[in-house]
Amino acid sequence: MAALFYEIVFAISFLLTIIYFLIWKKHFEVNITVIFIIIPITNLGYVFLANADDIDSIIMSIKITYLGGCFLPFFITMCVLNLCDIKISKLIKITCFILSSIMFIFVLTIGEKDYFYKSVGIKWMGYGFGPVKEYGPMHTVFYVIASLYVVSSFTAIIYSIFRKRQVPNRLLYMLFIPEIITLFGFFGNSLFRVLVEIVPLTYLLAQIMYILIVKKISIYKVADMVVETMVQSGEIGFITTDLRERFLGANETAKKIIPKLNDVVIDQRITECEELDTTVNHWLLYFEADGDKYSRNLYRLKVDDNEENDKFYIIQIKYLYEGKKKRGYQIFLDDDTSNQQYIGLLDRYNDELKEEVENQTKHIVEMHNKLVLGMATMVESRDNSTGEHIKRTSQGVRILINEIRNDNKLMLSDTFCKNIIKAAPMHDIGKIAVDDAVLRKKGRFTEEEYDKMKKHSPEGARIIREILKDTDDEAFKVLAENVAHYHHERWDGSGYPDRLKGEEIPIEARIMAIADVYDALVSKRVYKESMSFEEADKIIIEGMGSQFDPGLKEYYVSARPKLEEYYNSLDQEELKGEKIDK
């Protein structure tokens, strides 16, 4: 029964060693590799011991089992110190190894000297032959040395949990388990009366735990190697996390860029730190949402209150692989400050250039508008019946447009409204081509003279077309031409020059017509006296549907109080002596 137990334990132990070497990577902890070699040999010794039927076989089997007892504590302790990143001198390592070797030498004297065992016998145990042992003084030393190794390992683990921030706590907790298992193996038989030695079983359980540990530390080792490589460059920051956003490591460059990395412990989730949650975790979320193996972000680091001193980093993210398996994320921070400053310089230059061009363009447009307005004023100075007609009609158009925009059922754009107000002073510019004899005549025109006067509409459109032919503002050019060309057309088709009817007349010309006629009615001309507001209003209302667009009636009605208020505000001198009957 005991032999079967030891054989099963050995078989599983040997299988675990094969599995370990199948998953072995060159960065695996060398002490763990030695442990996986020693344990199957030690467990094989217990198989030999269970099947031994003479004293010589028993002694040889005992010597094999002590191979693990003498050397495993040393290699386990060295493994713990390395994984806890605790450095000890080579002299101490060599001394400890020599001490373990000396103990094994004393083991080899069993059956010949009484240093380790005073005597060894054999007797039937009920399930097979077994040894009868009397321990010598060196066996006590063996227990003392084994206990010192265990204490050293526990001390190193506990110290690392509280002081070594860059050692993963989860790994440290995992290291406790094989320590406790082997400790139980050494003293278990003394504490419990069992039919078989439990040491082989504890070795087997330790193997299982170490396989889990090497799988766990694989990702840390891969990350460490990459970080170490990145450290050599010195210029590129590097951060690694696992797939669950747990921090694995960062180089010094990254810690300078994001100082909060110095406070994060290995295996801590970066979402637990607000600063890293809004930076590193945000980049990872963007990377995963992008659905690609490669992602770029721009990170701006504020150095002080002066924005010109800010640093810029290109953030690049890739998966961290162990072989072909994804194990985490690699985050690169590449200094791009000089490029961003250059881009910023270009942007500022472009903005300044754009502003300068806009200012020059605005200046040219203003000069252009003043030229056109000057021509319109010159026409007005020739027309002794017009007075300040262009000024008043422009204000009339503005008042009408404001009323139209209150509900904007006509869907007039801001650009249209601005353009019609700007074009209003140009509506009579064609009069510059009308003979002075006609234009300055005092009294009503003859039919022939009226025909000549009618030509000012198409002539005005032609002049505007010539003046604005090189302008980039096509919308204004078309609108200004329409205002000059069609503001004397009538809704019923009886107007001039083209006898357009209804909506054939552009909307800008229909609006201009109301303001033009209203001013003519309430202002004094050489051929007539000014009308009262009531008389003028009656004529405008009666003309809705014949002379004017009936769709504009409601806007004229709502604008009338403001029109009257405006005309009442004009003093007698400004009206050049023209009387307005209120």
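Look up: the structure comes first, before these words.
Report follows, based on the coordinates. Quick caveat, the model's predicted, so the values are computed rather than measured.

Points about the pattern of salt bridges
Using the criterion set out here, one finds 19 salt bridges in the structure. The residue Lys-87 makes a salt bridge to Asp-85 at a minimum N-O spacing of 3.4 Å. With a relative accessible area of 37%, Asp-85 lands in the partly exposed category. Here Asp-549 makes a salt bridge to Arg-510, at a shortest N to O gap of 2.7 Å. Here Arg-510 lies in helix H18 (residues 507–522) and Asp-549 lies in the loop between helix H19 (533–542) and helix H20 (553–569), a separation of 39 residues in the sequence. Asp-549 gets classed as buried once you look at its relative accessible area, which sits at 9%. The exposure class assigned to Arg-510 is buried, which follows from its relative accessible area of 12%. One connected set of salt bridges, linked through shared partners, spans Asp-407, Lys-409 and Glu-554.

Quick word on the pairing of strand E3 (residues 237–242)
Counting buried positions along E3 yields six of six residues, so the element is predominantly enclosed. Of the two faces of E3, both are covered, the one formed by Gly-237, Ile-239 and Thr-241 as well as the one formed by Phe-238, Thr-240 and Asp-242. In this sheet, strand E7 (residues 325–335) lies alongside E3 in antiparallel orientation, the contact comprising six bridges. Considered in E7, the bridge of Thr-241 is made with Tyr-329. One ladder, built from three bridges, connects E3 with strand E4 (residues 247–250); its direction is antiparallel. Bridge assignment links Ile-239 to a residue of E4, and that residue is Ala-250. In this antiparallel pair of consecutive strands, E3 and E4, the connection spans four residues, and Glu-245 shows a positive phi of 60°.

A look at H20
In this model H20 runs 24 Å from its N-terminal to its C-terminal C-alpha over 17 residues, within 8% of the 24 Å that 1.5 Å per residue would give. The largest bend in H20 is about 45°, located at Ala-559, with the proline Pro-561 one to four residues further on. Listed in full, the buried residues belonging to H20 are Tyr-555, Tyr-556, Ala-559, Leu-563, Glu-564, Tyr-566 and Tyr-567. Considering only its buried residues, H20 is in contact with helix H12 (389–407), H18 and H19.

Looking at the packing of helix H4 (residues 90–107) against helix H5 (residues 137–163)
The interhelical angle for the contact between H4 and H5, taken along N-to-C directions, is 150°, at an axis separation of 10 Å. Viewed along their axes, H4 and H5 adopt a mutual orientation that is roughly antiparallel. Judged by the sense of rotation from one axis to the other, the crossing of H4 with H5 is left-handed. Here Cys-96, Leu-99, Ser-100, Met-103 and Phe-106 of H4 come into contact with H5, specifically with Met-138, Val-141, Phe-142, Ile-145 and Tyr-149. The residue makeup of the contact of H4 with H5, split by class, is nine nonpolar, one polar and no charged.

With respect to the nonpolar core
The biggest cluster of nonpolar side chains holds 63 residues, and the ones touching the most others in it are Phe-116, Ile-157, Tyr-210 and Ile-213. Beyond its immediate sequence surroundings of up to four residues, Tyr-210 is in contact with Ile-32, Ile-35, Phe-36, Ile-76, Cys-79 and Pro-178. Leu-400, Leu-412, Ile-421 and Ile-464 belong to the second-largest nonpolar core, a separate cluster that totals 45 residues.

The rules behind the values
Residues numbered from 1 in each chain as written. Predicted model: local features only at pLDDT ≥ 70, side-chain atom pairs only at ≥ 80, totals over all residues. Heavy atoms only, no water. Salt bridge = Lys/Arg side-chain N within 4 Å of Asp/Glu carboxyl O. Buried < 20%, exposed > 50% of the residue type's maximum accessible area, 1.4 Å probe, protein only. Helix = DSSP H or I, 4+ residues; strand = E, 2+ residues; numbered from the N terminus. Pairing = 2+ DSSP bridges. Expected span 1.5 Å × (residues − 1). Bend = angle between axes of the 7 residues up to and from the residue. Contact = heavy atoms within 4.5 Å. Axes fitted to C-alpha atoms, helices over the stretch in contact; angles between N-to-C directions. Parallel < 35°, antiparallel > 145°, perpendicular 65-115°, else oblique. Left-handed = near helix turned anticlockwise from the far one by under 90°. Nonpolar A, V, L, I, M, F, W, Y, C, P; charged D, E, K, R; others polar. Core = buried A, V, L, I, M, F, W, Y, C linked by side-chain atoms within 4.5 Å.

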